[in-house]
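# Observations on the model geometry
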Amino acid sequence: MSRAFSHVYLIFVVIHISQASTPAINVPIIWILGGPGSGKGTQCDRIVAKYGFTHLSSGDLLRNEVSSGSSRGQELSAIMERGELVPLEVVLDLLREAILSALPTSKGYLIDGYPREKEQGILFEKTIAPVNLVIFYDASEATLVERLLGRAKTSGRVDDNEETIKKRLNTFNTHNDQVVQQYTDKLKRIHAERSTDEIFAETSQHIDELLGQFAK
């Protein structure tokens, strides 16, 4: 995406958000962080099954936009294939639309793979709502590379090749430290090189504590 397009789109999004105020969101909002291949998608599936939260994956929203064939989708496809971060304003706009669509019936929001950089989180909280809990599934780079290369054999995704995997991990590592440092008071770091059951047990403990706060 060109710098000029990005700036014009950002102005449009900011104006759009300011003109259409977001209704109050009185259910939990949880961000799920973790490098590509950290297993956060598997954990999100289990969280949804247990708690009935609305699961929003920034990656899925972006891929759906790409599949739509729109001009924006074509720009996003080129960015993803290069292993680069999509402009924050594009992701925010897609998330906001999905959140508002589910708001009448949602028990809570589980936002997977977001924020990918500090500015995304800041803009989200400023224009949509504060986040209540940030879960970070932490795994070594060697483990992530091994998992992603295994997935690449069957996924058919354009961004699951060795060169792009390395770029994605480099991009993630570059930005994630800043995100983690921004939300130390809400962050729960979970070791993600254990069994899925062990990881989910710890995840559930943190979510139960959060729900207890909402019930007061």
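In this report, the structure presented in the accompanying data block is examined. Here the structure is a predicted model, which means the values were calculated and not measured. (Residues numbered from 1 in each chain as written. Predicted model: local features only at pLDDT ≥ 70, side-chain atom pairs only at ≥ 80, totals over all residues. Heavy atoms only, no water.)

## Details of the environment of R168
Within the secondary structure layout, R168 lies in helix 8 (residues 162-182). Here R168 falls in the buried class, since its relative accessible area comes to 16%. Along the backbone, R168 and G35 are 133 residues apart, and their C-alpha atoms lie at a distance of 8.6 Å. (Helix = DSSP H or I, 4+ residues; strand = E, 2+ residues; numbered from the N terminus. Buried < 20%, exposed > 50% of the residue type's maximum accessible area, 1.4 Å probe, protein only.)

## Brief notes about the sheet that holds strand 5 (residues 187-191)
A sheet is described by the order of its strands in space; here five strands give the open sequence 2-3-1-4-5, paired in parallel fashion. If you trace the sheet from one side to the other, it starts and ends with strand 2 (54-57) and strand 5, each paired once. Averaged over all pairs of adjacent strands, the angle between their axes in this sheet comes to 20°, without regard to strand direction. As paired elements, strand 1 (residues 29-34) and strand 3 (residues 109-112) share four bridges and run parallel to each other. Within strand 3, the residue paired with I32 across the bridge is D112. (Pairing = 2+ DSSP bridges. Axes fitted to C-alpha atoms, helices over the stretch in contact; angles between N-to-C directions.)

## A word on the nonpolar core
Core analysis: the biggest nonpolar cluster contains 35 residues, and I29, W31, Y109, I111 and F124 have the highest contact counts within it. Broken down by secondary-structure element, the contributors of at least two residues to this core are strand 1, helix 4 (71-81), helix 5 (88-102), strand 3, helix 6 (118-127), strand 4 (133-138) and helix 8. It is helix 5 that contributes the most residues to this core, nine residues altogether. Apart from the residues lying within four places of it in its own chain, the contact partners of Y109 are I25, V27, P28, I29, I30, T54, L56, I99, A102 and L103. The next biggest cluster of nonpolar side chains, apart from the first, holds 21 residues, and it includes F53, A139, A192 and F200. (Core = buried A, V, L, I, M, F, W, Y, C linked by side-chain atoms within 4.5 Å. Contact = heavy atoms within 4.5 Å.)

## A word on unusual backbone geometry
Of the consecutive residues Y114 and P115, the connecting peptide bond is found in the cis state with omega at 0°. Structurally, P115 is set in the loop between strand 3 and helix 6.

## Quick notes on the packing of aromatic side chains
One pair of aromatic rings is described through two measures. These are the centre distance and the angle between the planes. This structure, assessed with the given rule, holds five aromatic pairs. Ring centres of W31 and Y114 lie 5.8 Å apart, and the angle between their planes is 80°; this geometry places the pair in the edge-to-face category. Placement of the pair is W31 in strand 1 and Y114 in the loop between strand 3 and helix 6, with a sequence separation of 83 residues. Of the two residues, W31 and Y114, neither departs from the other in class, the shared state being buried. Taking 5.6 Å as the distance between ring centres and 55° as the angle between the ring planes, the aromatic pair formed by Y114 and F124 counts as tilted. Taken as a pair, Y114 in the loop between strand 3 and helix 6 and F124 in helix 6 lie far apart in primary sequence, 10 residues in all. (Phe/Tyr/Trp six-rings, centres within 6.5 Å; stacked < 30°, edge-to-face > 60°.)

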